Amino acid sequence: MLLQSIRPNIVQSIRAYRPEDLQTAANAAGQHFLYTNLSAAKNKQEVLDIIARDFLFPDHFGKNLDALYDCITDMVHKSGPQPGFVVVLELIPGGNVDRETREQLLDAFRDAADFWGERKIPFRVFYSIAVSGKESAGNWDKAEVAQNDPNVKPVKVSKNAPAPMIMNLPPMSSVFDTAALLAAA
């Protein structure tokens, strides 16, 4: 089984893993599978908006990194026993300009992996970083400014670079749908 060869609480590059295989493994292990493709995000707020939409966060989600952490830890933990999680964050906006913001996003997931690890619940996160086109515009918080700045040079992309993957996955578990979780408790 794929998940048996991967540490139970880790945040790592997706590398050789395919999201479809991770989903199959999560389903076989009875764990929640959460997938989001962030290629359309141009700034930090859009990244958080897409994650909130795709992970079915509650309407009161504060759309900041602290609220993200709370949604993937305390809120779910309080709703009852959890079987484990496999999370895929695909095409996080890249570029070297705003590496710190990207690392802060991944740190929120690393902290969540530690949180779940302390409770002996697997929480595996796989991510990829976009490195082509508008996705690499750089600074998430200043993406609109960068597009109009003549000093910002576009990133050249190899013609052999893979196109963003569009997945047709079946609906995922609604682990963050608190109304459903509380009703089931």
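Details of the structure are given in the entry above.
Everything in this summary refers to the structure shown in the same document. Keep in mind that this is a model prediction, so the values were computed, not measured. (Residues numbered from 1 in each chain as written. Predicted model: local features only at pLDDT ≥ 70, side-chain atom pairs only at ≥ 80, totals over all residues. Heavy atoms only, no water.)

## Overview of the pairing of strand E3 (residues 85-92)
Burial runs high along E3: 8 of the 8 residues are buried. Relative to E3, strand E2 (residues 32-37) is paired through 6 bridges, and the arrangement is parallel. What sits directly across from tyrosine 35, in E3, is valine 88. (Buried < 20%, exposed > 50% of the residue type's maximum accessible area, 1.4 Å probe, protein only. Helix = DSSP H or I, 4+ residues; strand = E, 2+ residues; numbered from the N terminus. Pairing = 2+ DSSP bridges.)

## Considerations on the side chain of serine 128
With respect to the element layout, serine 128 can be found in strand E4 (residues 123-129). On the basis of relative accessible area, serine 128 is assigned to the buried category, the value being 15%. For serine 128, the side chain forms a polar contact with the main-chain nitrogen of leucine 91, separated by 2.8 Å. If we ignore the near neighbours within four places in the chain, the residues touching serine 128 are Ile14, Leu89, Glu90, Leu91 and Ile92. (Polar contact = N/O pair within 3.5 Å; in protein donor to acceptor, adjacent residues only side chain to side chain. Contact = heavy atoms within 4.5 Å.)

## Describing helix H5 (residues 99-118)
Its 20 residues place the ends of H5 28 Å apart at the C-alpha level, agreeing with the 28 Å of an ideal helix rising 1.5 Å per residue. Of the residues making up H5, those classed as buried are Thr101, Arg102, Leu105, Leu106, Ala108, Phe109, Ala112, Ala113, Phe115 and Trp116. One face of H5 carries all of its buried residues, which in axial projection span an arc of 165 degrees. Residues of H5 that are exposed and point more than 90 degrees away from the buried face comprise Arg99, Glu100 and Glu118. (Expected span 1.5 Å × (residues − 1). Arc of directions from axis to C-beta.)

## Brief notes about the sheet that holds strand E1 (residues 9-13)
With parallel pairing, the 4 strands of this open sheet are ordered in space as E1-E4-E3-E2. At either margin of the open sheet sits one strand with a lone partner, and together these are E1 and E2. Each strand axis lies, on average, 10 degrees off the axis of its neighbour in the sheet, ignoring direction. Judged from the 6 bridges that link them, E3 and E4 form a sheet pairing that is parallel. Counted as the bridge partner of valine 88 is phenylalanine 126 from E4. (Axes fitted to C-alpha atoms, helices over the stretch in contact; angles between N-to-C directions.)

## Let's talk about the packing of aromatic side chains
To describe a pair of aromatic rings, you give the distance between the ring centres and the angle between the ring planes. Here the structure, examined in full by the defined rule, presents 7 aromatic pairs. Ring plane angle 85 degrees and centroid distance 5.1 Å describe the contact between phenylalanine 115 and tryptophan 116, whose orientation is recorded as edge-to-face. In this pair, the class of phenylalanine 115 matches that of tryptophan 116, namely buried. Aromatic ring contacts, followed pair by pair, group Tyr69, Phe85, Phe115, Trp116 and Phe123 into a single cluster. It is arginine 119 that lies over the ring of phenylalanine 115; its NZ or CZ is 3.6 Å from the centre. (Phe/Tyr/Trp six-rings, centres within 6.5 Å; stacked < 30°, edge-to-face > 60°. Lys NZ or Arg CZ within 6 Å of the ring centre and 35° of its normal.)

## Remarks on the nonpolar core
In this structure, Phe57, Leu68, Val87, Leu89, Phe109 and Phe123 are the most contacted members of the largest nonpolar core, which totals 35 residues. Within the residue set of this core, elements represented by two or more residues are helix H2 (44-54), helix H3 (65-72), helix H4 (74-77), E3, H5 and E4. Per element, the largest residue contribution to this core is 8 residues, and it comes from H5. One finds Ala25, Ala26, Val88 and Phe126 within the second-largest nonpolar core, a separate group that totals 12 residues. (Core = buried A, V, L, I, M, F, W, Y, C linked by side-chain atoms within 4.5 Å.)

## Quick notes on the pairing of E1
For E1, the buried fraction is high: 4 of the 5 residues fall into the buried class. Relative to E4, E1 runs parallel, the two sharing 5 bridges. Looking at E4, one finds that glutamine 12 is bridged to phenylalanine 126.

## Considering the packing of H3 against H5
At a minimum axis separation of 10 Å, H3 and H5 run at an interaxial angle of 30 degrees. Considered as vectors, H3 and H5 are oriented roughly parallel to each other. Here H3 runs over H5; the crossing is right-handed. On H5, the residues touching Leu65, Leu68, Tyr69 and Ile72 of H3 are Gln104, Leu105, Ala108, Phe109, Asp111, Ala112, Phe115 and Trp116. Looking at side-chain class alone, the contact of H3 with H5 contains 10 nonpolar, 1 polar and 1 charged residues. (Parallel < 35°, antiparallel > 145°, perpendicular 65-115°, else oblique. Left-handed = near helix turned anticlockwise from the far one by under 90°. Nonpolar A, V, L, I, M, F, W, Y, C, P; charged D, E, K, R; others polar.)

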